[in-house]
Amino acid sequence: MRLNKYIAHHSSYSRREADKAIQDGYVRVDGEIETNPATDVQEGVSIVYVSGKQVSPRDKYTVIVYNKPKGELVTKSDPKGRRTIYDTLSKEYKHYIPVGRLDYASEGLLLLTDASKVASALMESDLERIYKIKIKGEVTSEMESAMLNGMILDDATAGGHSHSKVISMEFKPFIGYKIQKNEPNYSILKVALSEGKNRELRRFFAHFGTEIADLKRISFAEIELNNLPEGKVRFLSRSEYSALSKFLKEENKAELKEKSKSNFKEERKPSVDKDGKKPTFKDKKPSVAKDGKKPSFKDKKTSVAKDGKKPSFKDKKITKKKS
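### As for the nonpolar core
No. 1: Core analysis: the largest hydrophobic core is formed by 34 residues, its most contacted members being Leu112, Ile133, Met147, Val191, Leu201 and Phe205.
No. 2: Setting aside chain neighbours within four positions, we find Leu112 in contact with Thr62, Val63, Ile64, Tyr66, Ile85, Tyr86, Leu89, Tyr96, Ile97 and Pro98.
No. 3: Counting 21 residues, the second-largest nonpolar core is a separate cluster that includes Ile97, Val99, Val118 and Phe220.

### Looking at the confidence of the model for the protein
No. 1: Taken over all residues, the pLDDT of the protein has a mean of 83, while the share at 70 or more is 80%.
No. 2: Note that pLDDT drops below 50 for residues 279–290; the model gives that stretch nine contacts with residues more than four away or on any other chain.
No. 3: Note that pLDDT drops below 50 for residues 293–323; the model gives that stretch 75 contacts with residues more than four away or on any other chain.

### Quick notes on the pattern of salt bridges
No. 1: Across all of its chains, the model carries eight salt bridges by this definition.
No. 2: A salt bridge links Lys20 to Asp24; its shortest N-O distance comes to 2.7 Å.
No. 3: For Lys20, a relative accessible area of 52% gives the class exposed.
No. 4: In this structure, Arg234 and Glu240 form a salt bridge, with 3.0 Å as the shortest nitrogen-oxygen distance.
No. 5: On the basis of relative accessibility, which here comes to 22%, the residue Arg234 falls in the partly exposed class.
No. 6: Through salt bridges with shared partners, a single network forms among Asp103, Arg199 and Arg202.

So, how was this worked out
- Residues numbered from 1 in each chain as written.
- Predicted model: local features only at pLDDT ≥ 70, side-chain atom pairs only at ≥ 80, totals over all residues.
- Heavy atoms only, no water.
- Core = buried A, V, L, I, M, F, W, Y, C linked by side-chain atoms within 4.5 Å.
- Buried < 20%, exposed > 50% of the residue type's maximum accessible area, 1.4 Å probe, protein only.
- Contact = heavy atoms within 4.5 Å.
- pLDDT = per-residue confidence, 0-100.
- Salt bridge = Lys/Arg side-chain N within 4 Å of Asp/Glu carboxyl O.

Okay, structure coming up:
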């Protein structure tokens, strides 16, 4: 992890404040002054001090749910002076890391945590995210086809931020959708996605010449917004923590398994003979499962439910059908 990111994740410093502290010589890594914000550090291994105070990751973690209102940026500070979520959140949450983003005009459920590993695991997962959206115009058959099958756009700039560097984008098939209202003036849908790319939904519908008027995230995996007031926070419930803990253990097991495979392959690389010829023995291939299928890493998320449905803390998909 980059040094400036490490400090921002594990302290009350913003990324910009971390950059300044590093460049001004207030940061030591393993006893040596470090002035490069991009220096790589290892969590749990590197010893980092800022102004004489050690910055280190915690074994325990906390996750909160914040009902983000429209008109707030998900960032620690804004050069233009616009309001951020940290202007609303109390001081005790100033060092919490947001799990993904909701843009300035979007609202709803936003998870924050004091552990960077938890934030990364959730952001990189394909756990179900459900949104309620209102679009200008009606839902067309072309939109439905793209929701069901996915699409790839070489130019996905429509609907994106004017300063965004993202040009092309691949849209995976939606986990599901439900049309609640479909009229020429405006339509209302619930959609379930397995990822949260940069303004993904706004770019998706902009491709069909349709603008999203309202966008609200109402759940992330089994964590739901419910009746949490706008601008307020709550801690995860015991059952939500239990499900999250199980998910993180599965992720950790999968990560260790992958590292073990990589190390094994590295150790088993055949040495080259002195004459430069390739060794005569064949490289061993990964073992094949009893059912004859190739080894798979699909279980990286969470264990699959008995009914065979896609994992998502608990099963709560939206069926893929029209109203």
